[in-house]
Amino acid sequence: MITVQDLHKSFGDNEVLKGINCEVEEKEVVCVIGPSGSGKSTFLRCLNLLEDITSGNVIVDGYNLKDKTTDINMIRTEVGMVFQQFNLFPHKTVIENVMLAPRKVRKISVQEARERGEALLKKVGLAEKADQYPAQLSGGQQQRVAIARALAMEPKLMLFDEPTSALDPELVGEVLEVMKQLAKEGMTMVVVTHEMGFAREVADRVMFMDEGIIMEEDTPEIIFTNPASERTKNFLNKVL
Amino acid sequence: MFDFGQVIDFLPQLGKGLYYTLLISIVGLLIGFILGAIFGLGRISKNKFFFIIASIYVEVIRGTPVLVQAIWLYFALPIILQFQMASITAGIVVIAINSGAYIAEIVRGSVDSINKGQMEAGRSLGLNKHQTMRYIIWPQAFKRMIPPLGNQFIISIKDTSLLSVILVPELMFQGRYIASNHFNAVEIYTTVALFYLVINFSLSLLLRYIERRLNY
Ligand SMILES: Nc1ncnc2c1ncn2[C@@H]1O[C@H](COP(=O)(O)OP(=O)(O)O)[C@@H](O)[C@H]1O
Ligand SMILES: [Mg+2]
């Protein structure tokens with residue numbers, strides 16, 4: 001589903017990604033962990049070209065993102081993204097948030113978009129909030145709407161950038177629950193997270209990122225119990 | 001002592017002035033809004049050429065008094081171009097160009113003030129840049145523009161009173177004409193001031209209403 005080859009990314013002369021290589025298979029759930037500032041968000045954002053790629057190749061669903069002929073808007077319809085700060089559209093109701101992109105990009109009818117939107121809101125447990133505005137919702141509810149909004153495009157792949165980091169602790173669980181469900185249904189997911197419990201339980205593979213490279217990647221069992229690198233060990237000692 | 005009753009005799013003439021004041025304000029601000037939208041986008045454009053043109057326009061207009069702009073346009077430009085504009089046309093052009101520069105800054109500031117996560121959320125859903133601007137950024141920016149736009153509209157309406165110096169037959173021009181012929185400065189200028197106050201206060205109420213309607 002994703003192939004990354006020697007990905008480099010610089011902001012000015014600050015090289016943030018220093019040669020990333022990895023693969024993500026269909027239906028795989030990969031969690032990315034690592035210290036703050038190590039380039040996790042930047043890496044994730046390169047996967048849907050929210051950041052342009054300095055050098056290297058990123059191939060998503062068979063399309064090379066560096067290729068000038070690749071239609072980036074088309075790729076993005078296949079790649080859902082969930083942000084730390086939710087980024088819901090505050091001037092639109094919950095259901096309008098979910099319906100907008102399918103209507104304008106997929107050009108489906110209002111009727112169909114509404115049905116799809118209502119089904120997704122039900123799935124994330126927010127059917128009764130359809131006509132409220134984001135500001136009227138709790139953080140956990142907003143993030144679940146954001147997940148529904150991304151799913152409304154029927155993506156093949158979902159990217160999550162610390163989806164629970166902005167939430168009060170008691171609201172984290174409801175969001176992780178939705179993500180677990182999604183993983184169970186076979187969605188391909190790349191999740192940047194500090195929720196080690198989630199990574200351990202749900203991930204097929206965990207990548208440890210440090211200073212712009214993937215230091216180590218393995219099954220959660222190995223990463224969390226017997227990591228190869230000293231760096232990984234130190235990091236896990238600090239966060240666990 | 002003061003005879004405000006006599007003002008009634010001059011109402012038709014003041015009404016004519018009011019008509020031109022409103023005409024120039026409305027047409028001038030409509031064009032100003034379009035100029036402001038275009039050059040405001042220029043100010044946030046990645047296109048260097050468009051950005052520089054927009055910046056020069058904004059800086060030149062903000063850096064010179066509206067009175068000087070009016071006089072220059074009406075008395076100096078015709079000498080350069082060998083072509084004299086009608087004073088009402090010149091008045092509209094002055095209000096349009098002047099308000100356009102300030103509105104451009106309002107547009108730029110409002111669009112800039114929308115969290116960049118909004119653009120990213122739109123783009124990550126597959127909306128193109130144009131669609132994201134249209135459905136996500138503009139509606140939010142527009143709401144933030146209303147209070148400063150209202151301010152600018154009021155300033156521009158008051159600026160039209162300066163157009164009497166280029167012989168635009170607007171409200172202030174008529175007031176001066178009447179007062180200097182009939183020696184009733186107190187009655188006439190008070191009435192003129194009230195006219196401006198009524199226009200601007202009505203506009204304030206209208207904008208407040210619109211803002212409330214756009215609440216979410
Ligand atoms: N838009 C940007 N411009 C300049 N520097 C950036 C930008 N985004 C991120 N960086 C820098 O890249 C580094 C990695 O950031 P990030 O990918 O957000 O790390 P993480 O998500 O692992 O905390 C940081 O040093 C940050 O300052
Ligand atoms: Mg981050």
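Attention in this report is confined to the structure presented alongside it. Please read all numbers here as calculations on a predicted model, not as lab measurements. (Residues numbered from 1 in each chain as written. Chains lettered and ligands numbered in written order. Predicted model: local features only at pLDDT ≥ 70, side-chain atom pairs only at ≥ 80, totals over all residues. Heavy atoms only, no water.)

## Details of the overall build of chain A
Step number 1: Across its full length, chain A carries nine helices and 10 strands.
Step number 2: Here the C-alpha radius of gyration of chain A, 18 Å, is about what a compact globule of 240 residues would show, namely 18 Å.
Step number 3: Structurally, chain A occupies a C-alpha span of about 55 × 45 × 30 Å along its principal axes.
Step number 4: Look at the contacts in chain A between residues 6 or more apart in sequence, and 66% of them connect residues 24 or more apart.
Step number 5: Taken as a whole, chain A presents about 10300 Å² of accessible surface, with 45% of it coming from carbon and sulfur.
Step number 6: Across chain A, the centroid of the 28 positively charged side chains sits 5 Å from that of the 37 negatively charged ones. (Helix = DSSP H or I, 4+ residues; strand = E, 2+ residues; numbered from the N terminus. Rg over C-alpha atoms; globule rule 2.2 N^0.38 Å. Contact = heavy atoms within 4.5 Å. Areas by Shrake-Rupley, 256 points an atom, 1.4 Å probe, with all protein chains shown as cover. Lys, Arg positive; Asp, Glu negative; His and termini not counted. Charge placed at Lys NZ, Arg CZ, Asp CG, Glu CD.)

## A look at a negative patch on the surface
Residue and element names in this part refer to chain A.
Step number 1: A cluster of acidic residues, E96, E115, E118 and D131, forms a negative patch at the surface.
Step number 2: Following the sequence through the fold, E118 ends up in helix α4 (residues 110-123).
Step number 3: Note on E118: relative accessible area 39%, which makes it partly exposed. (Patch = residues over 30% accessible without salt bridge, like charges linked within 9 Å, V, L, I, M, F, W, Y side chains within 5 Å. Salt bridge = Lys/Arg side-chain N within 4 Å of Asp/Glu carboxyl O. Buried < 20%, exposed > 50% of the residue type's maximum accessible area, 1.4 Å probe, protein only.)

## A closer look at the packing of helix α1 (residues 7-43) of chain B against helix α2 (residues 48-62) of chain B
All names here are of chain B.
Step number 1: Between α1 and α2, whose axes approach to 7 Å, the crossing angle comes to 120 degrees. Considering the angle they form, α1 stands oblique to α2. When you trace α1 past α2, the crossing you get is left-handed. From α1, L35, I38, F39, L41, G42 and R43 reach across to α2, where they touch F50, F51, I53, A54, S55, Y57, V58, E59 and R62.
Step number 2: Looking at the contact of α1 with α2 residue by residue, the class counts come to 10 nonpolar, two polar and three charged. (Axes fitted to C-alpha atoms, helices over the stretch in contact; angles between N-to-C directions. Parallel < 35°, antiparallel > 145°, perpendicular 65-115°, else oblique. Left-handed = near helix turned anticlockwise from the far one by under 90°. Nonpolar A, V, L, I, M, F, W, Y, C, P; charged D, E, K, R; others polar.)

## Some details on the interface of chain A and chain B
Step number 1: Each partner contributes residues to the interface: chain A has 24 residues there, and chain B has 17 residues.
Step number 2: For the pair chain A and chain B, the summed buried area comes to about 1800 Å², and 63% of that belongs to carbon and sulfur atoms.
Step number 3: Summed over the shared surface of chain A and chain B, the result is one salt bridge.
Step number 4: Among the salt bridges present, the one from A:R45 reaches B:E120, with a minimum N-O distance of 2.7 Å.
Step number 5: Where chain A packs against chain B, one counts seven residue pairs in polar contact (both at pLDDT 80 or more).
Step number 6: Listed by contribution, the elements that provide at least two residues to the side of chain A that touches chain B are α2 (72-78), β6 (79-82), α3 (94-104) and α5 (139-151) of chain A.
Step number 7: Residue composition of the side of chain A that touches chain B, grouped by class: 13 nonpolar, five polar and six charged. (Buried area = accessible area lost by both parts, 1.4 Å probe. Polar contact = N/O pair within 3.5 Å; in protein donor to acceptor, adjacent residues only side chain to side chain.)

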